[in-house]
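Breakdown of the fold
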Amino acid sequence: MTASTASETADDPETTSDLLVSLRGVNKHFGELHVLRDVDLDITRGEVVVVVGPSGSGKSTLCRTINRLEPIDNGRITLDGTELPSEGKDLAALRSDVGMVFQQFNLFAHMSILDNVTLGPIRVRGRKKTAAEAEARRLLDRVGVGDQAHKMPVQLSGGQQQRAAIARALAMEPKVLLFDEPTSALDPEMVSEVLEVMKELAATGMTMVVVTHEMGFAKSAAHRVIFMDRGQIVEQAPPADFFAAPRSDRTRDFLSKVLTH
């Protein structure tokens, strides 16, 4: 059974204004490989959606299509009621409303942590340097690396770099924040410090889409867990239902392999 339909609440006229991200009939190929197959998905304002599934299931590609880092073959993606164009200045403007935290941090190695965080607000948002730096310091303090502001990325641990990357994404005041396996490149002892920051963000009402293998985070922070396999959304449910009573055989098989007892 394929349950690629969006959440039922998105079809309710009373909740339409809360719809922030919408995907309809999204398809993506990499050569002969069909990595996204007619994906439909709605994400409401303030919702934390965790996407899980086996390697190669399409979950990271799904995440990257939401801000068009991966172009789609066909379908429709809207952000806050506006369809994302395929290219150009309009896409750049909409993309600035979608924060992204990558697996490999993607900090600029030749710039200090403070300069990494202020670059977007100054160049894209047109903020004054003094105001951008003040906000950057506040955000770096918030994620626990305020004392690292003048260091270069190479001088920080992986966990510190990823927390700085989260601050950089937040500095753009995004409408939605995407996390593409944000802890998979970290040493095990650094994972928890990044997950704690993410849990705190979730508690503040930030709209988040998180691709992860961290089932503990999915259980504790998600509003909805989505299971993907072979480019399709197979199942989606609140965490309590998803983990306690998965409906499909494919989901049950996946959970039996990733959950420890």
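Residues numbered from 1 in each chain as written. Predicted model: local features only at pLDDT ≥ 70, side-chain atom pairs only at ≥ 80, totals over all residues. Heavy atoms only, no water.

- The protein has the name ABC-type polar-amino-acid transporter in an unreviewed UniProt entry, where Saccharopolyspora gloriosae is given as its organism.
- In UniProt, the protein has this text filed under Subcellular location (unreviewed entry): "Cell membrane". (UniProt positions renumbered as here; feature names shortened; annotations may be inferred.)

**Overview of the overall build of the protein**
- Counting secondary structure elements, the protein contains nine helices and 10 strands.
- Taken over the C-alpha trace, the protein has a radius of gyration of 18 Å; the compact-globule value for 261 residues is 18 Å, and the two agree within 12%.
- The dimensions of the protein, computed from C-alpha atoms along their principal axes, are 55 × 45 × 40 Å.
- When the 261 residues of the protein are sorted by exposure, 53% land in the buried category.
- Within the protein, counting contacts between residues at least 6 apart in sequence, those at least 24 apart form 67% of the total.
- The protein carries 30 positive and 36 negative side-chain charges, and their two centres are separated by 4 Å. (Helix = DSSP H or I, 4+ residues; strand = E, 2+ residues; numbered from the N terminus. Rg over C-alpha atoms; globule rule 2.2 N^0.38 Å. Buried < 20%, exposed > 50% of the residue type's maximum accessible area, 1.4 Å probe, protein only. Contact = heavy atoms within 4.5 Å. Lys, Arg positive; Asp, Glu negative; His and termini not counted. Charge placed at Lys NZ, Arg CZ, Asp CG, Glu CD.)

**Re the sheet that holds strand S7 (residues 176-180)**
- The strand order across the open sheet built from six strands is S6-S7-S8-S3-S9-S10, with neighbouring strands paired in mixed fashion. Two strands in the sheet have a free side with no partner beyond their single neighbour: strand S6 (98-101) and strand S10 (232-237). With strand direction ignored, the average angle separating the axes of adjacent strands in the sheet is 20 degrees.
- Pairing analysis gives four bridges linking S6 to S7, with the strands arranged parallel. Bridged to Val98 within S7 is Val176.
- Packed on one face of the sheet, helix H5 (residues 158-171) meets S6 and S7 and runs near 175 degrees to S6.
- The sheet contacts of helix H6 (residues 188-203) involve strand S3 (48-52), S7 and strand S8 (208-211), and relative to S8 the element is tilted by about 150 degrees. (Pairing = 2+ DSSP bridges. Axes fitted to C-alpha atoms, helices over the stretch in contact; angles between N-to-C directions.)

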